[in-house]
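Residues per chain, in single letters:
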Amino acid sequence: MDSNEQKKVFIKIALGAFKNIIGFGLATAFIGYMATHSGIDIPLMIIAAVVTFIMVVSIVTLLLFIVYTIKGIPVTLKNSPKHIKFFDLYAYTFLALSFRLIEAAICIGYIVYLYKLFI
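Residues numbered from 1 in each chain as written. Predicted model: local features only at pLDDT ≥ 70, side-chain atom pairs only at ≥ 80, totals over all residues. Heavy atoms only, no water.

A. How the structure looks around the packing of aromatic side chains. Following the criterion strictly, the structure yields 5 aromatic pairs and no others. A ring pair is formed by Phe-86 and Tyr-90, whose centres lie 5.1 Å apart and whose planes are at 35°; its orientation type is tilted. With Phe-86 and Tyr-90 both in helix α3 (residues 86–118), this residue pair falls 4 residues apart, about one helical turn. Classification of Phe-86 by relative accessible area gives partly exposed; the value is 36%. A relative accessible area of 8% means that Tyr-90 is categorised as buried. Pairing Tyr-90 with Phe-94 gives two aromatic rings, centres 5.7 Å apart and planes at 40°, and the pair type is tilted. One end of the pair is Tyr-90 and the other is Phe-94, both in helix α3 and 4 residues apart, which spans about a single turn. With a relative accessible area of 33%, Phe-94 lands in the partly exposed category. Among the aromatic residues, those joined into a ring-pair cluster are Phe-10, Tyr-92 and Phe-99. (Phe/Tyr/Trp six-rings, centres within 6.5 Å; stacked < 30°, edge-to-face > 60°. Helix = DSSP H or I, 4+ residues; strand = E, 2+ residues; numbered from the N terminus. Buried < 20%, exposed > 50% of the residue type's maximum accessible area, 1.4 Å probe, protein only.)

Below, the structure is given as structure tokens:
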């Protein structure tokens, strides 16, 4: 994969992480607002559970991304030309990983907020 393709993939991953942060944040804010201003606890708990499940799935995909990236490093380095350095191969990958880690940290914050809201 050349640098332009890596950049395009990185942009897709970064935009996806940004959309997840905004989407999960809006869902969490809606649930928080409704929980404090209405008396419909059980349906909101179900909605909160669904949103939390989706966030956990997102975090699990991040963990799989990390595992498969680390497992693929030796093979990629072995099969790449000698003049291409590690940083050239994995610069955009690790940059995308940093965006996903920020997304995961924020999602964990959302999950903790939802947990404290109903406990």
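B. Summary view of the packing of helix α1 (residues 3–37) against helix α2 (residues 41–79). The geometry of α1 relative to α2 is characterised by a closest axis approach of 10 Å and an angle of 160° between their N-to-C directions. The pairing of α1 with α2 is recorded here as roughly antiparallel in orientation. Crossing of α1 against α2: the hand is left-handed. The segment α1 lies against α2, with Asn-20, Phe-24, Ala-27, Thr-28, Ile-31, Met-34 and Ala-35 engaging Leu-44, Ile-47, Ala-48, Val-51, Ile-54, Met-55 and Ser-58. Its residues assigned to classes, the contact of α1 with α2 shows 11 nonpolar, 3 polar and no charged. (Axes fitted to C-alpha atoms, helices over the stretch in contact; angles between N-to-C directions. Parallel < 35°, antiparallel > 145°, perpendicular 65-115°, else oblique. Left-handed = near helix turned anticlockwise from the far one by under 90°. Contact = heavy atoms within 4.5 Å. Nonpolar A, V, L, I, M, F, W, Y, C, P; charged D, E, K, R; others polar.)

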